[in-house]
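A closer look at the structure
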Amino acid sequence: MSVFDEDLFLKGLEQRKATLGAEYVEKNLAAADDFSRPFQEAMTAWCWGFGWGDDVIDAKTRSMMNLSMLGALGKMHEWEIHCRGAITNGVTQEELRAIIHVIGIYCGVPQAIECIRVARKVLETEEL
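The structure presented is a predicted model; accordingly, all values stated were derived computationally and were not measured.

Moving on: the nonpolar core. Counting 17 residues, the largest nonpolar core has Leu67, Trp79, Cys83, Leu96, Ile100 and Cys115 as the members making the most contacts within it. Elements that contribute at least two residues to this core include exactly α4 (59–73), α5 (76–88), α6 (93–107) and α7 (109–125). Leu13, Leu20, Trp48 and Ile81 belong to the second-largest nonpolar core, a separate cluster that totals 9 residues.

Applying the stated criterion to the full structure yields 7 salt bridges. Ionic pairing is found between Arg37 and Asp34, a salt bridge with its closest N-O pair at 3.2 Å. The exposed category is assigned to Asp34, whose relative accessible area is 68%. Close ionic contact of Glu95 with Lys60 constitutes a salt bridge, the shortest N to O distance being 3.0 Å. Placement of the pair is Glu95 in helix α6 and Lys60 in helix α4, with a sequence separation of 35 residues. Owing to a relative accessible area of 22%, Glu95 belongs among the partly exposed residues under this scheme. One network of salt bridges, with partners in common, ties together Glu80, Arg84 and Lys121.

Attention now goes to the domain arrangement of the protein chain. Taken domain by domain, the protein chain comprises domain 1 (1–56) and domain 2 (57–127). Taking only C-alpha atoms into account, the centre of domain 1 sits 22 Å from that of domain 2. Opposite the 11 residues of domain 1 that make contact, domain 2 presents 11 residues. Of the roughly 810 Å² buried between domain 1 and domain 2, counting both surfaces, carbon and sulfur atoms make up 55%. The interface formed by domain 1 and domain 2 contains 1 salt bridge. In this structure, Arg62 engages Asp54 in a salt bridge whose closest nitrogen and oxygen atoms are separated by 2.2 Å. Breaking the side of domain 1 that touches domain 2 down by element, the ones donating at least two residues are α1 (6–20) and α3 (37–51). For the side of domain 1 that touches domain 2, the element with the highest residue contribution is α1, accounting for 4 residues. Partitioning the side of domain 1 that touches domain 2 into residue classes produces 6 nonpolar, 3 polar and 2 charged.

The next subject is the environment of Ile100. The residue Ile100 is located in helix α6 in this model. With relative accessibility at 5%, the residue Ile100 sits in the buried group. For the pair formed by Ile100 and Cys115, sequence separation is 15 residues and the distance between their alpha carbons is 6.4 Å. When neighbours within four sequence positions are excluded, Ile100 is seen to be in contact with Trp79, Ala112, Cys115, Ile116 and Ala119.

Next up on the list: the packing of aromatic side chains. According to the stated counting rule, one finds 2 aromatic pairs in the structure shown. A centroid spacing of 4.4 Å and a plane angle of 10° characterise the contact between Trp46 and Phe50, whose relative ring orientation is stacked. Of this pair, Trp46 and Phe50 both sit in helix α3, separated by 4 residues, roughly a single helical turn.

Procedures and definitions
Residues numbered from 1 in each chain as written. Predicted model: local features only at pLDDT ≥ 70, side-chain atom pairs only at ≥ 80, totals over all residues. Heavy atoms only, no water. Core = buried A, V, L, I, M, F, W, Y, C linked by side-chain atoms within 4.5 Å. Buried < 20%, exposed > 50% of the residue type's maximum accessible area, 1.4 Å probe, protein only. Helix = DSSP H or I, 4+ residues; strand = E, 2+ residues; numbered from the N terminus. Salt bridge = Lys/Arg side-chain N within 4 Å of Asp/Glu carboxyl O. Domains from an automatic or database assignment. Contact = heavy atoms within 4.5 Å. Buried area = accessible area lost by both parts, 1.4 Å probe. Nonpolar A, V, L, I, M, F, W, Y, C, P; charged D, E, K, R; others polar. Phe/Tyr/Trp six-rings, centres within 6.5 Å; stacked < 30°, edge-to-face > 60°.

Rendered as structure tokens:
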């Protein structure tokens, strides 16, 4: 690791696994090669160690914020991953619906429809 220190990476790795699931995270890290490994390490340290690593905002609220931002950006692959993580962090079906309503209001109905489609897929496989 040349960009971030090992402690921040390990802190991020713990948080990333807690939200997205150890299997998913380990699979992504194992698939990293010389080209993508520096990004995986930096993202784990920066996003999950620095960004998620404090106690100022709880994990559930951070998940709700992420869903709103990813929905606004139309990053549906990431939205699906973080939808699963949000459920892990305690976000309810009713809260998911409310987040999608806000996305629809501020980002447009077509984007809300995409979020509903992906949320249905996630809800079919996750327990709330």
